[in-house]
Amino acid sequence: MSVLVVGSIGLDTVKTPLDEKADLLGGSASYAAVGASFFTDVKLVGVVGDDFPQDHVDYFKQRKIDLEGLQVEQGKTFRWSGEYHWDMNTRTTLSTELNVFEHFTPTLPAAYGNTQYVLLANIAPKLQSHVLDQMQRPKFIIADTMNLWIEIAKEDLLALLKRVDMLILNDSEARELTGQTSLIKAGSLIRKMGPAYVAIKKGEHGCLLFGENHFFSCAAYPLEDIHDPTGAGDTFAGGVAGYLASRSTGEVTFDQLRKAVVYGSVLASYNVEEFSLERMRSLNMTDVEDRYQMFKIMSHFEVLE
Ligand code: AMP
């Protein structure tokens, strides 16, 4: 089954303690769509300006991503710039230029309306809801969000949460949304806000998965060198959605979700090895399966006699 991905598509300028690169392919939907495309067919909904390089469009096509929902508007593409601090875990946003993204209203092609798996990558929660308004009830809806929306659009976010099956957010966002310092309490509180499942990402420390009477802690791959953490969360979400869509025939189960978050973590761990989506260009499914097996070995332990 295919996945519909909606979110931002942009050109990023990224500075790390060791390097700086400009005008890179970025945006939450770019990472998420490419991540999901390792497992299943993807339909991408987003907007770019007429300055968006053809090379990036060709890359989406090469990943067999359906671009009928990609709007090309007159004007400049969304641009974002950020600088990572020495720990590569914290960053400062240097600039955000909305450009054509400012007046973006996601409009779904008619053929997208009955897509069964939906990933609402990070954009304003009102726009995420607008996508759902145009769909028959999908089988499984995942939403991502960011601190900005918790701060300036909390009501919209709370309304969205009542309509989604799973929320993916990072640890500081989970604490901000719930006012709890404990991530375990935060996970169950967010479930009470609507989504049956919640994944809380902890950057280089892995992620926590919550379901009714279920809990899973997924380690992070022990990488020695991280070159650019941008989009790790979006790639993770794309991997989760893509894996679920490729495997699930009936109801999504917690067991499938456990595997999905491991696959998401595998893809994210590769993605940070190079700037932008560069590592994804050379990645293949054998690499993905190899690292999945490594996760399995790393997490395995015997019960002591
Ligand atoms: P992440 O590292 O997962 O937070 O995602 C980084 C990506 O989000 C970058 O490629 C940016 O282009 C994109 N981005 C930054 N700010 C926003 C925003 N306000 N809305 C949507 N996407 C954004």
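Look a little higher up for the structure.
Okay, so let's go over this structure. Since the structure is predicted, the reported quantities are computational estimates derived from the model, not experimental observations.

## A look at unusual backbone geometry
What is expected of a backbone is that most residues other than glycine have negative phi and most peptide bonds are trans.
Then comes step 1: The phi torsion at Met-88 lies on the positive side, around 60°, for a residue other than glycine.
Then comes step 2: Here Met-88 is to be found in the loop between β7 (78-84) and β8 (91-97).
Then comes step 3: The phi torsion at Asn-99 lies on the positive side, around 50°, for a residue other than glycine.
Then comes step 4: Mapped onto the secondary structure, Asn-99 falls in the loop between β8 and β9 (117-120).

## Describing the layout of surface pockets
Then comes step 1: As a volume, the second largest pocket reaches approximately 320 Å³.
Then comes step 2: Forming the boundary of the second largest pocket are 13 residues, of which Phe-216, Arg-258, Val-262, Tyr-292 and Lys-296 lie nearest the centre.
Then comes step 3: Broken down by secondary-structure element, the contributors of at least two residues to the lining of the second largest pocket are β14 (214-218), α9 (254-271) and α11 (285-299).
Then comes step 4: Each residue belonging to the lining of the second largest pocket can be placed in one class, and the counts come to 6 nonpolar, 3 polar and 4 charged.

## Focus: the environment of Leu-98
Then comes step 1: Looking at where Leu-98 falls in the secondary structure, it is placed in the loop between β8 and β9.
Then comes step 2: With 59 residues separating them in the primary sequence, Leu-98 and Leu-157 have C-alpha atoms 20 Å apart.

## Re the pattern of salt bridges
Then comes step 1: Counted under the stated rule, the structure contains 8 salt bridges.
Then comes step 2: Through salt bridges with shared partners, a single ionic network connects Glu-273, Arg-279 and Arg-291.

## Side note on the pairing of strand β3 (residues 20-26)
Then comes step 1: Judged from the 5 bridges that link them, strand β2 (residues 10-15) and β3 form a sheet pairing that is antiparallel. Looking across to β3, one finds that Lys-15 is bridged to Glu-20.
Then comes step 2: Hairpin connection of β2 to β3: 4 residues between the antiparallel strands.

## Some points on the packing of α9 against α11
Then comes step 1: Packing of α9 against α11 brings their axes to within 9 Å, and their N-to-C directions diverge by 115°. Crossing angle aside, the handedness with which α9 passes α11 is right-handed. Each of Lys-259, Val-262, Tyr-263, Ser-265, Val-266, Leu-267, Ser-269 and Tyr-270 in α9 lies in contact with α11, whose residues at this interface are Asp-287, Val-288, Glu-289, Arg-291, Tyr-292 and Phe-295.
Then comes step 2: Split by residue class, the contact of α9 with α11 holds 8 nonpolar, 2 polar and 4 charged.

Parameters and conventions
Residues numbered from 1 in each chain as written. Predicted model: local features only at pLDDT ≥ 70, side-chain atom pairs only at ≥ 80, totals over all residues. Heavy atoms only, no water. Helix = DSSP H or I, 4+ residues; strand = E, 2+ residues; numbered from the N terminus. 1 Å grid on protein atoms, 1.4 Å probe; cavity = no way out; pocket = protein on both sides within 12 Å on 5 of 7 lines; lining within 4 Å. Points joined across faces, edges and corners; volume = space filled by probe spheres on them. Nonpolar A, V, L, I, M, F, W, Y, C, P; charged D, E, K, R; others polar. Salt bridge = Lys/Arg side-chain N within 4 Å of Asp/Glu carboxyl O. Pairing = 2+ DSSP bridges. Axes fitted to C-alpha atoms, helices over the stretch in contact; angles between N-to-C directions. Left-handed = near helix turned anticlockwise from the far one by under 90°. Contact = heavy atoms within 4.5 Å.

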